[in-house]
Amino acid sequence: MNKNLIEQAKQARENAYAPYSNYAVGAALLLDNGEIIQGANVENASFGGTVCAERSAVFTAISKGFRKFKAIAVVTESSPPASPCGFCRQVLAEFAPDLPIVLSNPQGEITETNLATLLPMQFRLK
Ligand code: THU
């Protein structure tokens, strides 16, 4: 399953809109029903308007009515593979505090982790 999820994240990365950083990111979010939702980073001339690939995927899933996630794969060009930024960690935590996370790059390096490790003591309003 990880292999397919990484493949989908790679595919999503091709849709990244990153003319300012030239750093394309793809994400693939596995839902509890087996469906996969892709996300890519979308940058903006007003830099603060940029949305990361992970949040693109989460917001797409939520907008479609899906709230149960089983895993996320993230593909960047970085070696070792880059992990989600703090913002994305907190957004993922809202829906899946222990979410398994697979990080990869085009060279085929793979790092497996989970959200509880990347974001301990997650903020909750209640
Ligand atoms: N980016 C992501 O898509 N995900 C992250 O977790 C970190 C950064 C994007 C935002 C921006 O378009 C580019 O990578 C460089 O920061």
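Rules of the game
- Residue indices follow the written sequence of each chain, beginning from 1 at its first position.
- Per-residue local features of the predicted model are confined to residues with pLDDT of at least 70, and side-chain atom pairs are confined, for both listing and counting, to 80 or more; whole-chain, interface and lining totals are unaffected and use all residues.
- Hydrogens and waters are ignored; side-chain quantities use all the structure's heavy atoms.
- Think of it in three bands: residues with accessible area under 20% of the maximum for their type are buried, residues over 50% are exposed, and the middle band is partly exposed, with areas taken using a 1.4 Å probe on protein chains only.
- Strands here mean DSSP runs of E at least two residues long; helices mean DSSP runs of H or I at least four residues long; both are numbered from the N terminus.
- When DSSP finds at least two bridges between two strands, those strands are taken to pair.
- Each residue is tested against the molecule or strand, and it is near if at least one of its non-hydrogen atoms lies within 4 Å.
- In the analysis that follows, any N or O atom pair within 3.5 Å is treated as a polar contact, provided that within protein one partner can donate a hydrogen and the other can accept it, and provided that, for residues neighboring in sequence, both atoms belong to side chains.
- Residues are said to line a cavity or pocket when one of their atoms sits within 4 Å of a point; the points come from a 1 Å grid over protein atoms alone, cavities being sets where a 1.4 Å probe fits but cannot get out and pockets being open sets with protein on both sides within 12 Å along at least five of seven lines.
- A molecule is counted as occupying a cavity or pocket when more than half of its atoms fall within 2 Å of that pocket's grid points.
- Here the term charged refers only to Asp, Glu, Lys and Arg, the term nonpolar to Ala, Val, Leu, Ile, Met, Phe, Trp, Tyr, Cys and Pro, and the term polar to all other amino acids, Gly among them.
- Only a pair of cysteine sulfur atoms within 2.5 Å counts as a disulfide in this structure description.
- Here, nonpolar core refers to any group of buried Ala, Val, Leu, Ile, Met, Phe, Trp, Tyr and Cys residues whose side-chain atoms link them within 4.5 Å.
- A contact between two residues is defined here by any heavy atoms of the two lying within 4.5 Å.

> Summarise the pairing of strand E2 (residues 36–40); cite the residues concerned and give the values.
A regular strand places its side chains on the two faces of the sheet in alternate fashion. Within E2, four of the five residues are buried, which leaves it mostly tucked inside the rest of the structure. Counted along the chain from strand E1 (residues 26–31) to the antiparallel partner E2, the turn is four residues long, and its residue Gly-34 has a positive phi close to 95 degrees.

> Describe the site of the ligand, with residues and values.
In the vicinity of the ligand, the contacting residues are Ser-21, Tyr-23, Val-25, Asn-41, Glu-43, Thr-50, Cys-52, Ala-53, Glu-54, Pro-84 and Cys-85. Note that an oxygen atom of the ligand is positioned 2.5 Å from one of the side-chain N or O atoms of Glu-43. Within the contact set of the ligand, a nitrogen atom lies 2.8 Å away from a side-chain nitrogen or oxygen of Glu-54. Counting atoms within 2 Å of the grid points, the majority share of the ligand lands in the largest pocket. Across the shell around the ligand, the residue classes break down as six nonpolar, three polar and two charged.

> Provide a residue-level description of the state of the cysteines, including the pertinent values.
Per the counting criterion, the structure on display carries zero disulfides. Its sulfur unpaired, Cys-85 is 3.7 Å from the next cysteine sulfur, which belongs to Cys-88.

> Just give me the short version of the nonpolar core, but keep the residues and values in it.
Within the largest apolar cluster, 22 residues are counted, with the highest numbers of intra-cluster contacts made by Leu-29, Phe-69, Ile-72, Leu-99 and Leu-115. Elements that contribute at least two residues to this core include exactly E1, helix H2 (53–63), strand E3 (69–75), helix H3 (86–95), strand E4 (100–104) and helix H4 (115–118). Ranked by residues supplied to this core, first place goes to H2 with four residues. Beyond its immediate sequence surroundings of up to four residues, Leu-99 is in contact with Leu-29, Phe-69, Lys-70, Ala-71, Ile-72, Leu-92, Thr-113, Asn-114 and Leu-115. Judged by nonpolar contacts, the second largest core, of 10 residues, contains Ala-28, Leu-30, Ala-71 and Val-75.

Function-wise, these values are silent; they only describe arrangement.
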